[in-house]
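One-letter residues, chain by chain:
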Amino acid sequence: MSQETRKLVVKQLMQVGFGLAVFVAIWQLAVIGLGIPKYLVPLPLDVAKAIQLHWLVLASQAGFTLSAAGLGLATSTVLATAVAISFSMNRSLAQASLPVVLVFRSTPVAAVAPIMMLIFGRGISTSMAVVTIVSFFPILVNLMRGLASGDRNTAELLHVYGASRWQQLRLARIPFALPYLFTGLRVAGSSAILGAMLSEWITGSKGLGNLILESGEMRETELLWAAVLLSVAIALVVFWTTSAGEKRMLRWTNR
Amino acid sequence: MASALSLSTLQASLRPLATGVILLAVMEAAKRANVLPIFVPAPSAVLLEIWNSPRLVVSNLAPTAWKAASGYFIAAVVAITAASLAVSLRALRGPIYNIGVMINSVPIIATAPLLALWLGTGPQIQIAIAALTSQFPMLVGTMQGLQAADSRQRELMHVLSASRLQTLRYLLIPSALPYLFAGFKIAAPSAVLGAITAEWAGADQGVGAMMLYALFSYDTAKVWLSVLLTCLLAGAGFGFWAAIERMVVYWRHDVDLVD
Amino acid sequence: MVFYGQGEPVIALEKVDMQVPAGQFASIIGPSGCGKSTLLRLVADVMKPHAGSITLGGDTPRAARNAHSLGFVFQAPTLLPWRSVKQNIELPLDVVGRGSAKRSTRTSAELIELVGLSGFEDALPHQLSGGMQQRVAIARALILTPDILLLDEPFGALDEITRQRMNLELLRIWSESGTSALLVTHSIAEAVFMSDRVYVMSARPGRITSIIEVPLERPRRIDMMRSQQFFECVNRIRDGLFGHEQAQAAAPGEPVEAY
C-alpha cells in the first residue's frame, strides 16, 4: 500500500474508532441515566461479555450468512455479466428483454423468498438463490449502462485496426464498464446481506438472521444485541469495501 | 379532457394486460401438460384457492392492510411535522434529514426483534416497522416540496403584497404537491412490504403469516397466492396514490425525488 | 444603494435622480450590472434604498405596493403552473379579495382580449409559448388597473421577430390602459421605439449619465424605425452608453475608436 493510502486508511480507522467510542459512551449513559431496565437494553459491557462468551456461535452463524451472501453475489455477478455482454452484442435481444427487466427490477425480498423456498427447500441454497435474484438486477442494470458508455473514439480506433467484436469488448468496453460494475456491487452488497438474513427467517436455516430470531424468542437479550450489532457491522463493512472499490475504480475515469 | 386522459390510460394498460393474460393461459396449458416443475402451480389452482376460501384471503389480507396503513399514517404525520420543522428552522434541517437517513438504513432484521422485546408480540410490531420503513420517502418528499417554490415566484407574491398565509395558500402548498405525492406514492409499497416482512418474525394473522404457514405445509398454491397478494397489496397502495396524483397534480407528470 | 456581499461593499446605485411624468412611457437602458434592475426593484418596494427617497405620485413605494397601484412584469413570465391563463391573471384579485375590490378593476375577460389571447382562457402555462406566457404576465400586471407599470426586460428571452411584435402589442395595451410605464431594457432600438423618454445608465457605480427625449409621435409604427429622428435618438443613446466608456478608457491625446 502506498504511503498516502496508508495514511487515509489510518485516518478512516481513527474516525470509525472515535465514532464507536462516542456511540458506546452514549449507550452506557442512556441506559444508566434514563434507568432503562436491563432486559430492554443491556449495558455495553454485558453485550461485550456476551460476545466473548458466545464468539464461536456468533462467528459461525455469521460465516453461514456471509457465505450465502457471498456465493449469491458471485453467482449473480457472473450471470449479470453474461447477460449484459450478450445484450450488448445483440441489440434486438436487449430491446425484447427490456420490459421484463424493468418489471422485475425492484423485486422485494418478501415476494422472492417464499418462491425460492418452494424450489430449494430449507437449506442455505434458498438464501443463496434469494441473494442471487435480488442482486442480479442492480448489477445488470449498472453493467448495461457501463457497457454502453464505452468511449466512441476508442471503439473507432479499435475498429480501424481491424479488431474483432470480441477484441473490442475485451480491450475497451469491459475496462470502461468496470467502475459501473462496482457501483452495482455497492448497491447490491448491503441488500445481499439483508436478503440472506431475511431468507433465514423464513426458512429457519442457519445464519445470523436465524440467530437473531432465536435469541429474541429465548429472551437472551445480550446475545440478541450482540447478533444485531454484528449484522449491522457486517453490513457497514460490506458497504465500505464496495464503496472503496468503486472509488478506486473511478479514479481513472472522469465521472 | 378527463375522459380523454382515462381513455389513453386504458389503451396504454391494455397491452401489458393482454400479455399477462396470455402468459397465464400458457402457464395453465403447460401445467396441464405436466411440463412445469412441481413448485409452479397452475394458475387455476391459485384461483381455486381464492374461490374455495375467500374468507381466508380476506381474513389475512385485512390485518396486513390495516397494519400497513396504520404504520403508514403514523409515519406520514411524523414525517410531515418533522419536514415542516426542518424547512422552517435552518438549524434543524441537517439533523432531521440525517435521522431519517439513519432510520432508513437500520434493517428490519435489527428492528423487529428489538421491537418485539420492547413492545411485546402483537400487531404493534408490524405497525411500528411499517412506519419505520415508509418514513423516508415521505420525509424527503415533504422537505423538497416545501422548498419547491423558486425565488421568482416568491418575489411575485411579495410584489402583489400577499400576506404570509396567502403565500402559503397560493404558492407554497400547490408547488409542494408534486413532490409530496411522489414521496407518498413510493412510501406506500414500502409500508406494505415492511409489515409483511415483520410478520415473518411472528404474527398469527396476515399475508406474511399466511406465507409462513403455507411454506411449512408445502402448500404450493397457497404460497403463490400469498406472493400474489403481497404484490397486489403493494401495487394497490402505489396505484391509489398514483390515481389521486393524476387528478390533483394535473400540471406535471415527471417529478423525480432527489435523494 | 449599497450591496454587502463578500469583500468590499458594492455601491450599486449612486445619485440617481429621475422624474417620470404621469402617463408617460419611460425606459432605462444600460450595460449589465449597472443597477437598472435594482432601480426597478427599489421602485417596486422589493428592496429598500439606503439613502434618498422615492415617491410615486406622492406615495412611498411601500404604500403604493400595498395600495396595489403598481404592476410588475418580470423577466421571466413567472406564471403559477397549476393555474390556467384566466386564473393566473386573476391572482392579484384573489390576493386583494374580490369582495372588497380596493381599486376599480377590469375583468379578466377584457384583459385576455386586450393581450390577444382570446380562446386560451383555460390553457395551462406549459401549453403556451414564451411570448404568450409573457402576455399573460402583462395582463396579470394590469388587472388591478395600476397607476404605474414596471417592466424588467420582459421580452429579453424572446427572439427578435417575436420581440418586435410584442413591443407593438405592449404599446397598444399601454395606450389603452392609460398607466405610466417604466421599462428596463438592454436593447437600444426597443428603448427608443417604446418610450417618450430614455434614461441612460452607466455601471459601477450605477448612475444616470444622460436623459434623451424621444420626439416621435404616437401611435408608433414600425416604419418609424427608418426615420432620421429614430436614428438620431439611437445614436445619442449609443454615445451615452459607449461614448462614456470610451471617454474613460482613452488617455488624453489618443484617438478614440468610433463604432
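Remember, it's a predicted structure, so these values are computed and weren't measured experimentally.

Chemist: Break down the overall build of chain A for me, citing the residues and quoting the values.
Modeler: On a plain count of helices and strands, chain A comes out with ten helices and zero strands. Reading the secondary structure of chain A in the N-to-C direction produces α-α-α-α-α-α-α-α-α-α. Principal-axis analysis of the C-alpha atoms places the extent of chain A at approximately 75 × 50 × 30 Å. Sequence separation of 24 or more characterises 75% of the internal contacts of chain A that already satisfy a separation of 6 or more.

Chemist: Residue-level account of the overall build of chain B, with values.
Modeler: A tally of regular secondary structure across chain B gives ten helices and zero strands. Overall, the C-alpha framework of chain B stretches about 75 × 55 × 30 Å when taken along its three principal axes. For chain B, with 259 residues in total, the buried portion stands at 42%. Considering only contacts within chain B whose residues lie at least 6 apart along the sequence, 77% involve residues at least 24 apart.

Chemist: Can you break down the interface of chain A and chain B residue by residue, with the values?
Modeler: Each side of the interface is counted separately: chain A has 24 residues, and chain B has 23 residues. A per-element tally of the side of chain A that touches chain B places helix H5 (residues 109-120) of chain A first, with seven residues. Here the side of chain A that touches chain B is built from residues that sort into 20 nonpolar, four polar and no charged.

Chemist: I'd like to hear about the nonpolar core, residue by residue, with values.
Modeler: Formed by 192 residues in total, the largest nonpolar core has its most connected members in Leu-143 of chain A, Ile-129 of chain B together with Leu-150 and Ile-237 of chain C. Take this core: its biggest share by element is 17 residues, from helix H8 (residues 164-199) of chain B. If we skip the residues at most four places from it in the chain, Leu-143 of chain A touches Ala-80, Thr-81, Ala-84, Ala-177, Tyr-180, Leu-181 and Gly-184 of chain A.

Chemist: Requested: an account of the domain arrangement of chain A, with residues and values cited.
Modeler: What the domain assignment reports for chain A is domain 1 (1-36) and domain 2 (42-250). A separation of 27 Å is found between the C-alpha centroids of domain 1 of chain A and domain 2 of chain A.

Chemist: Explain the sheet that holds strand S6 (residues 180-185) of chain C residue by residue, including any values.
Modeler: Residue and element names in this part refer to chain C. Spatially, six strands are ordered S4-S5-S6-S3-S7-S8 in an open sheet, and the strand pairing comes out mixed. The open sheet has two edge strands with one neighbour each: strand S4 (70-73) and strand S8 (207-213). Across this sheet, the average inter-strand angle for adjacent strands is 15 degrees, counted without regard to direction. Where strand S5 (residues 148-152) and S6 come together, five bridges link them in parallel fashion. Each residue of the ladder has a partner; that of Ile-148, found in S6, is Ser-180. Those strands touched by helix H6 (residues 130-142) are S4 and S5, and its axis lies near 170 degrees from that of S4.

Chemist: Let's hear about the arrangement of the chains: which residues, and what values?
Modeler: For the two pairs of chains in contact, the largest share of contacts goes to chains A and B. At no point do chain A and chain C touch; the closest pair of C-alpha atoms across them sits 30 Å apart.

Chemist: Can you explain the interface of chain C and chain B? Please cite residues and give values.
Modeler: Of the residues lining the interface, 18 residues belong to chain C; the matching set on chain B comes to 14 residues. If one sorts the elements of the side of chain C that touches chain B by residue count, helix H4 (residues 91-96) of chain C sits on top with four residues. Its residues assigned to classes, the side of chain C that touches chain B comprises twelve nonpolar, four polar and two charged.

Chemist: Hey, could you go over the environment of Leu-85 of chain B for me, with residue numbers and the actual values?
Modeler: Residues and elements named next belong to chain B. Looking at the secondary structure, you find Leu-85 in helix H3 (residues 54-88). For Leu-85, a count of 13 C-beta atoms within 10 Å translates into the label partly exposed. For the pair formed by Leu-85 and Ala-65, sequence separation is 20 residues and the distance between their alpha carbons is 30 Å. Among all residues touching Leu-85, those that are not within four sequence positions of it are Leu-92 and Ile-96.

Chemist: Before we move on, could you go through the packing of H3 of chain B against helix H4 (residues 90-105) of chain B and cite the residues and values that matter?
Modeler: The angle between the axes and the distance between the axes are what describe a pair of packed helices. Residues and elements named next belong to chain B. At a minimum axis distance of 6 Å, the contact between H3 and H4 shows a crossing angle of 145 degrees. On H4, the residues touching Ala-82, Leu-85 and Ala-86 of H3 are Leu-92, Arg-93, Ile-96 and Tyr-97. Here the residues of the contact of H3 with H4 sort into six nonpolar, no polar and one charged.

Chemist: Requested: an account of the pairing of strand S7 (residues 197-202) of chain C, with residues and values cited.
Modeler: Residues and elements named next belong to chain C. Judged from the four bridges that link them, strand S3 (residues 25-29) and S7 form a sheet pairing that is parallel. By the bridge assignment, Ile-29 is partnered in S7 with Val-200. Where S7 meets S8, six bridges bridge the pair, whose relative direction is antiparallel. Counted as the bridge partner of Tyr-199 is Ile-211 from S8. Count of turn residues in the S7/S8 antiparallel hairpin: four residues, of which Arg-204 carries a positive phi of about 45 degrees.

Chemist: Talk me through helix H9 (residues 208-217) of chain A; I want residue IDs and the actual numbers.
Modeler: The buried count for H9 of chain A comes to eight of ten residues, which makes it a mostly enclosed element. The positive-phi residue at the C-terminal boundary of H9 of chain A is Arg-219 of chain A, with phi of around 60 degrees.

Chemist: Describe the domain arrangement of chain B, naming the residues involved and giving the relevant values.
Modeler: Split into domains, chain B comes out as domain 1 (13-40) and domain 2 (53-248). Domain 1 of chain B and domain 2 of chain B are separated by 33 Å when their C-alpha centres are compared.

Chemist: Lay out the packing of helix H5 (residues 108-119) of chain B against helix H6 (residues 123-146) of chain B in plain terms, naming residues and giving numbers.
Modeler: Residue and element names in this part refer to chain B. Where H5 meets H6, the axes come as close as 10 Å, and the angle between the chain directions of the two elements is 140 degrees. Between H5 and H6, the angle falls in the class oblique. At the point where H5 passes H6, the crossing takes the right-handed sense. Residues Ile-108, Thr-111, Ala-112, Leu-115, Ala-116 and Leu-119 of H5 form the contact with H6, whose participating residues are Gln-124, Ile-125, Ala-128, Ile-129, Leu-132 and Thr-133. Residue composition of the contact of H5 with H6, by class: nine nonpolar, three polar and no charged.

Chemist: I'd love a proper account of the environment of Gly-216 of chain A, names of residues and values included.
Modeler: In this fold, Gly-216 of chain A is placed in helix H9. Ignoring anything within four residues of it in the chain, the contact list for Gly-216 of chain A reads Leu-224 of chain A together with Pro-113, Ala-116 and Leu-117 of chain B.

Chemist: Which residues make up unusual backbone geometry, and what values do they have?
Modeler: The step from Arg-218 of chain C to Pro-219 of chain C runs through a cis peptide bond, and the omega angle for that step is -5 degrees. The topology assignment puts Pro-219 of chain C in the loop between S8 and helix H9 (228-249). The phi dihedral of Tyr-218 of chain B falls on the positive side, at around 50 degrees, and the residue is not glycine. In this structure, Tyr-218 of chain B sits in the loop between helix H9 (207-216) and helix H10 (220-248). Of note, the phi angle at Glu-153 of chain C is positive, near 40 degrees, even though the residue is not glycine. When you line up the elements, Glu-153 of chain C lands in the loop between S5 and helix H7 (160-177). Under the C-beta neighbour-count criterion, Glu-153 of chain C is labelled partly exposed, with 19 such atoms within 10 Å.

Chemist: Can you break down the pairing of S3 of chain C residue by residue, with the values?
Modeler: In the case of a regular strand, side chains alternate between the two sheet surfaces. Residue and element names in this part refer to chain C. The buried fraction of S3 amounts to five of the five residues, a majority that puts the element mostly inside the structure. Side chains of S3 alternate between two faces, with Phe-25, Ser-27 and Ile-29 and Ala-26 and Ile-28 buried alike. Looking at chain direction, S3 and S6 are connected through five bridges and run parallel. Looking across to S6, one finds that Ala-26 is bridged to Leu-182.

Chemist: Outline the environment of Glu-28 of chain B, supporting the account with residue identities and numerical values.
Modeler: All names here are of chain B. Tracing the backbone shows Glu-28 in helix H1 (residues 2-32). For Glu-28, a count of 16 C-beta atoms within 10 Å gives the class partly exposed. With 13 residues separating them along the chain, Glu-28 and Pro-41 place their C-alpha atoms 8.6 Å apart. Filtering out sequence-adjacent residues up to four positions away, Glu-28 remains in contact with Ala-42, Pro-43 and Ser-44.

Analysis parameters
Residues numbered from 1 in each chain as written. Chains lettered and ligands numbered in written order. Predicted model: local features only at pLDDT ≥ 70, side-chain atom pairs only at ≥ 80, totals over all residues. Helix = DSSP H or I, 4+ residues; strand = E, 2+ residues; numbered from the N terminus. Contact = placed C-beta atoms within 7 Å. Buried ≥ 20, exposed ≤ 12 C-beta atoms within 10 Å, placed from the backbone. Nonpolar A, V, L, I, M, F, W, Y, C, P; charged D, E, K, R; others polar. Core = buried A, V, L, I, M, F, W, Y, C linked by C-beta atoms within 7 Å. Domains from an automatic or database assignment. Pairing = 2+ DSSP bridges. Axes fitted to C-alpha atoms, helices over the stretch in contact; angles between N-to-C directions. Parallel < 35°, antiparallel > 145°, perpendicular 65-115°, else oblique. Left-handed = near helix turned anticlockwise from the far one by under 90°.

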